[in-house]
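Each chain is listed here by its residues.
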Amino acid sequence: MQHELQRCALITRWGTVVTRGDTPGTLKQAPINASTPLEDCFPVYSDALRLKTDIEGIGPFILETEAGHTYLKARDGYLTAHEDGSVRLFQELKNPWEQFLVLTRQEFERFYFFVTNSWIDEDGHIIRPSDIESLEYMRLRVGENFFNIAETFINNSDGLVCRTRGDYISDMVVWNDLWMPHRYRLYRPLVYLCAFGIRYLDTLDLCLRSLSEFGKHTGDILIVSDLDEETLKEHCPATALFNCHVWTLHGQAGLDFYTARFRIAQWKPIYQFSPLLYMDTDVVVDNDLNGLFEDIFRSDKMSAQKEFFTRLQTSPSIGSQLFEKDERCHSRDLNVPGFNSGILSIPRIEEFDFVLNMIQSCIYRFSEKVQNRHELSHFDQSIANYIAVLTQSFDLDFLTEKVSYYATGAIRSNDFHTPEREQMNYTGFVHFWGTGERIEAMSTYMQSIRDHVPFEGWTVATPEDVEDETAAGEGDFAGGLITQNAASEQEAAQD
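Since the model is a prediction, treat every value here as computed from it, not as a measurement. (Residues numbered from 1 in each chain as written. Predicted model: local features only at pLDDT ≥ 70, side-chain atom pairs only at ≥ 80, totals over all residues. Heavy atoms only, no water.)

**Student:** Quick question: what am I supposed to make of the overall build of the chain here?
**Tutor:** Along the backbone of the chain there are 14 helices and 28 strands. In the chain, buried positions account for 56% of the 495 residues. Relative to all contacts within the chain whose residues are 6 or more apart in sequence, the contacts with residues 24 or more apart total 68%. For the chain, the accessible area works out to roughly 22100 Å², and carbon and sulfur atoms hold 46% of it. (Helix = DSSP H or I, 4+ residues; strand = E, 2+ residues; numbered from the N terminus. Buried < 20%, exposed > 50% of the residue type's maximum accessible area, 1.4 Å probe, protein only. Contact = heavy atoms within 4.5 Å. Areas by Shrake-Rupley, 256 points an atom, 1.4 Å probe, with all protein chains shown as cover.)

Laid out in structure tokens, this is it:
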């Protein structure tokens, strides 16, 4: 023990942890998983060369090490973990039942973190908590692999090998046979949304209901808002369907709100989540997302919904003015579609926080440069496209095939180069940016899924459809059928 009065955990030869007993003055064994609260796992503390408990009659103990095993010797015998789950002083002899692994609080916290979370192994397979088991003789099963707990989680000269940001671990190495590393990457999907002002809570509630009902997501969500947590939960009951986090973000101007999705790396707990999925509140999830989260994690780039009716070179809604101003872009192929920033996938925040920070910083810097936040159509989306081209950090094909959009009275597919999909062949998301009656359209669409009937007006856009609509003026289609962000920007300007 390195520090006096340091709390410690005891792992038994059965693979359990010692906790306080149900009866006062006793100890017992508990499984090392989420059913055992972390704070119950530290019944002893170190005092120089001895271990003590707060329980009268149990301890203090002198640690005896023999052949790599640790025994806890008290005046009346050795502490013993019995097969029936009890822990008590038993006899003067040292047998396997008297063997313990003593971990400092920090060591055990990291061990507990590993066994209670999901991970992606080196082969891309998900390792869930049900695949991780603390076994007899201080061994650990992780999927089909077996490890010695002490070789990884007892600090030696180089300590635990892991990647951290702040207090959060995103990658961890578990050692086999003392020297062979096995890398595990944290897998904890997070869906996050931005909702500034009460006017967007109705669509937020519908979006979250679809995420639960059709997307089958039951884990973590984050709502970024200028509203407090109590107000959000009161007006948006669907938050109760998830492990809901709230980041209260107050802005001085609309630009602060439009930038929020790209400021996600500034939320301190974000590094305990991977992968991330951002959605505007006017999105309906229409298919199970669990497989999608795994695909996002394995991706090498961020992704977003491609807008085939736009071109980086000519479409203001995706930043054509920026590409014109930056001479470095003139040699690039800009006769390609840009993307809508209403749905974003981020494989691993620790690898893409730099790009996100670059986007949000560029938004503020360009606004400062031109002294006019209305200089760009879809300000944040334009700059996101611009930075995406410079950094080559987006793969638009990945999400595009999973996203449709609602515009001019119909749900349309983005990709005009594949056969028209059949009705009710739900691919993942429908973004309702093309109507001012979002609540009615979203509700009707969700009910059609429940009723197993086609959504009225379901069509697939063709190149001819787009040519007809864009001929009327890009402002009427790419910018006129406004996204939620553009609508809120106009409303903010009017206010």
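**Student:** What exactly am I supposed to notice about the environment of L211 here?
**Tutor:** Mapped onto the secondary structure, L211 falls in helix 3 (residues 201-213). Residues within four places of L211 in sequence aside, it is in contact with V191, K216, H217, I221, F242, M279, V285 and L289.

**Student:** Looking at this model, I keep getting lost on the sheet that holds strand 26 (residues 403-407). Mind explaining?
**Tutor:** As summarised here, the arrangement of the 4 strands in space is 23-28-26-27, forming an open sheet in which the pairing is mixed. The outermost strands of the open sheet, each flanked by one partner alone, are strand 23 (283-285) and strand 27 (410-413). On average, each strand axis in the sheet is tilted by 25 degrees relative to the strand beside it, whichever way the strands run. By the bridge criterion, 4 bridges tie strand 26 to strand 27 in an arrangement that is antiparallel. Across the sheet, residue Y406 finds its bridge partner in strand 27, namely I411. (Pairing = 2+ DSSP bridges. Axes fitted to C-alpha atoms, helices over the stretch in contact; angles between N-to-C directions.)

**Student:** For this particular structure, what's the right way to read the packing of helix 8 (residues 349-370) against helix 9 (residues 379-391)?
**Tutor:** Packed helix pairs are characterised by how far apart their axes lie and by the angle those axes make with each other. In the contact formed by helix 8 and helix 9, the axes pass within 9 Å of each other and the chain directions differ by 125 degrees. In terms of orientation, helix 8 lies oblique with respect to helix 9. Where helix 8 crosses over helix 9, the handedness of that crossing is right-handed. Residues V355, M358, I359, C362, I363, F366 and S367 of helix 8 form the contact with helix 9, whose own contacting residues are F379, D380, I383, A384, Y386, I387 and T391. Among the residues making up the contact of helix 8 with helix 9, the classes are represented as 11 nonpolar, 2 polar and 1 charged. (Parallel < 35°, antiparallel > 145°, perpendicular 65-115°, else oblique. Left-handed = near helix turned anticlockwise from the far one by under 90°. Nonpolar A, V, L, I, M, F, W, Y, C, P; charged D, E, K, R; others polar.)

**Student:** Looking at this structure, how should I read helix 11 (residues 438-451)?
**Tutor:** When the terminal C-alpha atoms of helix 11 are compared, their 20 Å separation across 14 residues agrees well with the 20 Å that a helix rising 1.5 Å per residue should span. Those residues of helix 11 that fall on the buried side of the exposure criterion are R438, A441, M442, Y445, M446, S448 and I449. Looking straight down helix 11, one finds its buried side chains confined to an arc of 155 degrees; they lie on one side. Directly beyond the C-terminal end of helix 11, a positive phi value near 60 degrees is found at H452. (Expected span 1.5 Å × (residues − 1). Arc of directions from axis to C-beta.)

**Student:** Would you mind showing me how to read the nonpolar core here?
**Tutor:** For soluble globular proteins, nonpolar side chains are generally found buried alongside one another. Core analysis: the biggest nonpolar cluster contains 49 residues, and I270, L276 and I383 have the highest contact counts within it. At the level of secondary structure, the elements contributing two or more residues to this core comprise strand 19 (190-194), strand 20 (220-225), helix 5 (254-258), strand 22 (276-279), helix 7 (320-325), strand 25 (338-346), helix 8 and helix 9. When residues no more than four places from it in sequence are discounted, the contact partners of L276 are L190, Y192, I264, I270, I296, L344, S345, I346 and I349. Counting 34 residues, the second largest nonpolar core, distinct from the first, contains L204, L232, L399 and V403. (Core = buried A, V, L, I, M, F, W, Y, C linked by side-chain atoms within 4.5 Å.)

**Student:** Explain helix 1 (residues 105-115) to me, please; I cannot follow it from the model alone.
**Tutor:** Side chains that are three or four residues apart share a direction in an α-helix, a result of its 3.6 residues per turn. Where helix 1 is concerned, the buried positions are E107, F108, F111, Y112, F114 and V115. The arc enclosing the buried residues of helix 1, seen along the axis, measures out at 160 degrees, which places them on a common side.

**Student:** I'm lost on the confidence of the model for the chain in this one. Help?
**Tutor:** Do not read the fine detail of predicted coordinates wherever pLDDT is low. Confidence along the chain averages 88 in pLDDT terms, with 89% of residues attaining 70 or more. This stretch, residues 458-463, has a pLDDT under 50; its non-local contacts, to residues over four places away or in other chains, come to 20 contacts. Considering only residues more than four positions removed or in separate chains, one finds that residues 465-495, a stretch of pLDDT under 50, has 62 contacts. (pLDDT = per-residue confidence, 0-100.)

**Student:** Can you help me understand the pairing of strand 19 in this one?
**Tutor:** Across a regular strand the side chains alternate sides, sitting on one face of the sheet and then on the other. Counted residue by residue, strand 19 has 5 buried out of 5 residues, so it is predominantly covered. Side chains L190, Y192 and C194 of strand 19 all project onto a buried face; the interleaved residues V191 and L193 project onto the opposite face, where all are buried too. Of the strand pairs in this sheet, strand 19 and strand 20 are connected by 5 bridges, and their pairing is parallel. Across the sheet, the residue bridging to L193 is I223, located in strand 20. On the question of chirality, the crossover connecting strand 19 to the parallel strand 20 by way of helix 3 is right-handed. (Right-handed = clockwise from strand over helix to strand, strands pointing away.)

**Student:** Looking at this structure, I do not really get the sheet that holds strand 20. What am I missing?
**Tutor:** Strands belonging to one sheet form pairs held by backbone hydrogen bonds; the direction of such a pair is parallel or antiparallel. Ordered by their spatial adjacency, 6 strands build an open sheet running 21-20-19-22-25-24, and the pairing between neighbours is mixed. Strands at the two margins of the open sheet, each flanked by one partner only, are strand 21 (243-248) and strand 24 (303-307). Across the sheet, the mean angle separating the axes of adjacent strands is 25 degrees when strand polarity is ignored. Along the sheet face, helix 6 (residues 290-298) touches strand 19, strand 22 and strand 25 and points at about 115 degrees away from the line of strand 22.

**Student:** Would you take a moment to explain the pattern of salt bridges for this structure?
**Tutor:** Oppositely charged side chains can pair when the atoms bearing their charge come close. A full pass over the atoms with the stated rule returns 30 salt bridges. In this structure, the salt-bridge partner of R7 is D54, at a minimum N-O distance of 2.7 Å. With a gap of 47 residues between them, R7 in strand 1 (residues 6-12) and D54 in the loop between strand 5 (50-53) and strand 6 (61-66) connect regions that are remote in the sequence. Overall, the relative accessible area of 28% leaves R7 in the partly exposed class. Residue classification places D54 among the partly exposed positions, given a relative accessible area of 44%. Between D295 and R298 there is a salt bridge whose closest N-O contact spans 3.8 Å. In this pair, D295 and R298 both sit in helix 6, 3 residues apart, roughly one turn of the helix. (Salt bridge = Lys/Arg side-chain N within 4 Å of Asp/Glu carboxyl O.)

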